[in-house]
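Descriptive structure summary
Here are the chains, one letter per residue:
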Amino acid sequence: MKVVIVGGGASGLLASINIKVRFKDLVDVVVLERLERVGKKILATGGGKGNITNSHLKSNLKQSTTVYNNPTFVQKLLKKNTFQNTIDYFSSMGLEIIELNEGRCYPKSETTNSILDTLRLKMIELNVNVINNFEVSKISKKDNQFIVESTRRTTVIADYVVLACGGKSSPILGSNGSGYNLLKNFKLDVTPIYPGLSGIVTNETSVAGLDGIRAKANVLLTKGRSKDILWEEYGEVQFKKNSISGIVVMNLSSFIARGLKDKTLNNFSIYLDFMPNMDELKLIEFINQRVINLSTYSIQNFLIGLFPKMLANLIIKKARIDLSGMVATLNKKDVERLANVIKHFEIIYKNLDSFEHSQVSVGGLNINEIDESLETKKIKGLYVVGELLDIDGTCGGYNLQWAWTSSLVASNDINSKIEVQLHG
């Protein structure tokens, strides 16, 4: 009995372990990895600290409805293999996990190497066969067996195949989008693919002079230029020459990508609210008092102490106020325009950043093509897990949790079927 796992990332490695733990040498498990070694993308997670999961999924599975697309489907699987299953599974392999801010959970060492080393050591102990530099070009099925062929025309025969080869994001770390072609060859429906958890490219005038600056803001996506809020989240925005990034922006990028994929989002605007603790009327009062207190200052120094200097200057320019004047000359209209810009600092959207600079792919195998065991309905014995599915999460350990959950759901189903085949 042989199981072939295509892709040596988080989902693939854990699936290989879960099958071998159950059957030891009764089942041959082979991991095929396109790169020279497995687990490269794991090493890039959580800023190198290894954000392995999030405890917000522990007591409130409704959290999944706000962080994942296709949340109803995800929630069903999270009930089968929960946050606690992840903690327990890694603990059984010797990896201790700690919880830090916002429910984010990391290895006690706070390094991704600990996650990968834990998985690799267990695979060595269980005698999982890993073949590196094996780029799968074609998978076919004849009778009840799969023929997995590489670009070098070497083949591996399997009774079960798990596709765990990721999406298109960060191709240098292993995911180059080849998995989608493997799915399409089986005539399975793959939705449009967009970069998620990426930066957002703007026109340069939106962020002129702000390269390298960081500022906290409430980030809002509105319908057209109306006040109808489609999405909002507070966090630190990082400005670059012609783009914005930061966790809050990355989460926004995924929301936009999902809307583009589903064709539910076409006309929208992005605004930053730098003073979300005040409504516009209170902010006008605040600015008026500041005018009284700082009347002898030059206008170019008026917002120093509230915002970084270059951001302060750009806000004043966007409010159509001359930087060379004095604060005492500011009139009612000037104050109102300043308040409006501070509360509605517009970012002119151009596009999402590239797949090379994104952390996850939005889109993938249509979930209507699989059952709740993650086996494809058309091709029995073929399973699809992780990022290759049309499921993605926001920042905070949710994508790795989906990798672990989907991996265990699929491998447990394979285990059940092999058990019947071996022992009746």
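To keep things clear, this report deals only with the structure shown in the data block. (Residues numbered from 1 in each chain as written. Predicted model: local features only at pLDDT ≥ 70, side-chain atom pairs only at ≥ 80, totals over all residues. Heavy atoms only, no water.)

**Some remarks on unusual backbone geometry**
A negative phi angle is the norm for most residues apart from glycine, just as the trans form is the norm for most peptide bonds. For the record, the criterion: Secondary structure elements follow DSSP: runs of H or I no shorter than four residues count as helices, runs of E no shorter than two count as strands, and numbering proceeds from the N terminus. Each residue's exposure class comes from its accessible area (1.4 Å probe, protein chains only) as a fraction of the maximum for that residue type: buried when under 20%, exposed when over 50%, partly exposed otherwise.
Positive phi, normally seen in glycine, also occurs at lysine 24, with a value near 50 degrees. Among the structural elements, lysine 24 can be located in the loop between α1 (10-23) and β2 (28-32). Even without a glycine there, the phi angle at aspartate 143 is positive, about 60 degrees. Mapped onto the secondary structure, aspartate 143 falls in the loop between β7 (136-142) and β8 (145-150). A relative accessible area of 69% places aspartate 143 in the exposed class.

**Points about the sheet that holds strand β3 (residues 53-54)**
Sheet strands associate in pairs through backbone hydrogen bonding, adopting either a parallel or an antiparallel arrangement. Counted only if it meets this: Here, any two strands with at least 2 DSSP bridges between them count as paired.
On the basis of which strands lie adjacent, the open sheet formed by three strands has the order β3-β5-β4 and antiparallel pairing. Looking at which strands have only one partner, the edges of the open sheet turn out to be β3 and β4 (97-99).

**Here we look at the nonpolar core**
Inside soluble globular proteins, nonpolar side chains tend to come together where they are buried. The line we're drawing: As used here, the term nonpolar core means buried Ala, Val, Leu, Ile, Met, Phe, Trp, Tyr and Cys residues forming a set that is joined through side-chain atoms within 4.5 Å. In this description, contact between two residues means that some pair of their heavy atoms is separated by no more than 4.5 Å.
Core analysis: the biggest nonpolar cluster contains 81 residues, and Val3, Leu119, Ile139, Val161 and Leu163 have the highest contact counts within it. Ranked by the residues each element gives to this core, the list is headed by helix α12 (residues 398-423), at ten residues. Not counting residues within four places of it along the chain, the set of residues in contact with leucine 119 comprises Leu13, Leu14, Ile17, Ile42, Phe90, Met93 and Trp404. Grouped together as the second largest cluster of nonpolar side chains are 52 residues, Val219, Ile244, Val248 and Leu314 included.

**Structural notes on helix α8 (residues 247-262)**
Here is the rule: To estimate how far a helix should extend, the number of its residues minus one is multiplied by 1.5 Å.
Taking 1.5 Å per residue, 16 residues should reach 22 Å; α8 reaches 23 Å between its end C-alpha atoms and fits that length. Among the 16 residues of α8, twelve are classified as buried, and the element is accordingly described as predominantly covered.

**Topic: the packing of aromatic side chains**
Put simply, the test is: Aromatic pairing here means that ring centres of Phe, Tyr or Trp (its six-membered ring) are within 6.5 Å. Orientation follows from the plane angle: under 30 degrees is stacked, over 60 is edge-to-face, and everything else is tilted. Remark: a charge is flagged as sitting over a ring if the NZ atom of Lys or the CZ atom of Arg is within 6 Å of the ring centre and within 35 degrees of the ring normal.
This model, assessed by the stated rule, comprises six aromatic pairs. Ring plane angle 85 degrees and centroid distance 6.1 Å describe the contact between tyrosine 68 and tyrosine 398, whose orientation is recorded as edge-to-face. Of this pair, tyrosine 68 sits in the loop between α3 (64-67) and α4 (71-80) while tyrosine 398 is found in helix α12, placing the two residues 330 residues apart along the sequence. Of the two residues, tyrosine 68 and tyrosine 398, neither departs from the other in class, the shared state being buried. When the centroid spacing of 4.8 Å and the interplanar angle of 70 degrees are considered together, the rings of phenylalanine 90 and tryptophan 404 count as edge-to-face. On the criterion of sequence distance, the pair formed by phenylalanine 90 in helix α5 (residues 83-92) and tryptophan 404 in helix α12 is long-range, its members being 314 residues apart. Given a relative accessible area of 1%, phenylalanine 90 falls into the buried group. Site record: aromatic cluster; members linked through ring pairs are Phe274, Phe307 and Phe345. One residue, arginine 290, lies across the ring of phenylalanine 302, its end atom 5.8 Å from the ring centre. Lying over the aromatic face of phenylalanine 345, lysine 318 brings its terminal NZ or CZ to 4.6 Å of the ring centre.

**Brief notes about the packing of α1 against α12**
For any two helices packed against each other, one specifies the inter-axial angle together with the distance between the axes. The criterion, for reference: Geometry is summarised by axes, namely lines fitted to C-alpha atoms with helices restricted to the contacting stretch, and by angles between N-to-C directions that run from 0 to 180 degrees. Note: crossing handedness is left-handed where the near helix turns anticlockwise from the far helix by less than a right angle, and right-handed where it turns clockwise. Ten residues, namely Ala, Val, Leu, Ile, Met, Phe, Trp, Tyr, Cys and Pro, are considered nonpolar, four, namely Asp, Glu, Lys and Arg, are considered charged, and the remaining ones, Gly among them, are considered polar.
Between α1 and α12, whose axes approach to 8 Å, the crossing angle comes to 30 degrees. Relative to α12, α1 is oriented so that their crossing is right-handed. Along the lines of polarity and charge, the residues of the contact of α1 with α12 split into twelve nonpolar, seven polar and two charged.

**A word on the pattern of salt bridges**
Stated precisely, the cut-off is as follows: When a carboxyl oxygen of Asp or Glu is within 4 Å of a side-chain nitrogen of Lys or Arg, the pair counts as a salt bridge.
As enumerated under the stated definition, the model contains 19 salt bridges in all. Between glutamate 125 and lysine 122 there is a salt bridge whose closest N-O contact spans 3.4 Å. In this pair, glutamate 125 and lysine 122 are both assigned in helix α6 (residues 112-126), three residues apart and thus about one turn of the helix distant. Overall, glutamate 125 belongs to the exposed group, its relative accessible area being 57%. For lysine 417, the salt bridge goes to glutamate 375, with nearest N and O atoms at 2.5 Å. On the criterion of sequence distance, the pair formed by lysine 417 in helix α12 and glutamate 375 in the loop between β19 (360-362) and β20 (382-384) is long-range, its members being 42 residues apart. Salt bridges sharing partners connect three or more residues here, namely Lys261, Asp262 and Asp390.

**Focus: the environment of isoleucine 17**
Tracing the sequence through the fold places isoleucine 17 in helix α1. Spatially, the C-alpha atom of isoleucine 17 lies 41 Å from that of valine 219, the residues being 202 residues apart in sequence. With residues near it in sequence (within four places) discarded, isoleucine 17 still touches Tyr89, Met93, Leu119, Lys122, Met123 and Leu126.

**Considering the sheet that holds strand β13 (residues 214-223)**
Taking strand neighbours across the sheet as the criterion, the seven strands line up as β17-β16-β13-β14-β15-β12-β18 in an open arrangement whose pairing is antiparallel. Of all the strands in the sheet, just β17 (345-347) and β18 (349-352) have a single pairing partner and so form its edges. Neighbour to neighbour, the strand axes of the sheet diverge by 40 degrees on average, direction disregarded. Sheet topology places strand β14 (residues 229-239) next to strand β15 (residues 243-245); two bridges connect them, and they run antiparallel. Its bridge partner being in β15, phenylalanine 239 is matched across the sheet by isoleucine 244. Along the sheet face, helix α10 (residues 309-318) touches β13 and β17 and points at about 95 degrees away from the line of β17. Each of β16 (268-273) and β17 is contacted by helix α11 (residues 332-343), which is oriented at about 110 degrees to β16, the strand it contacts most.

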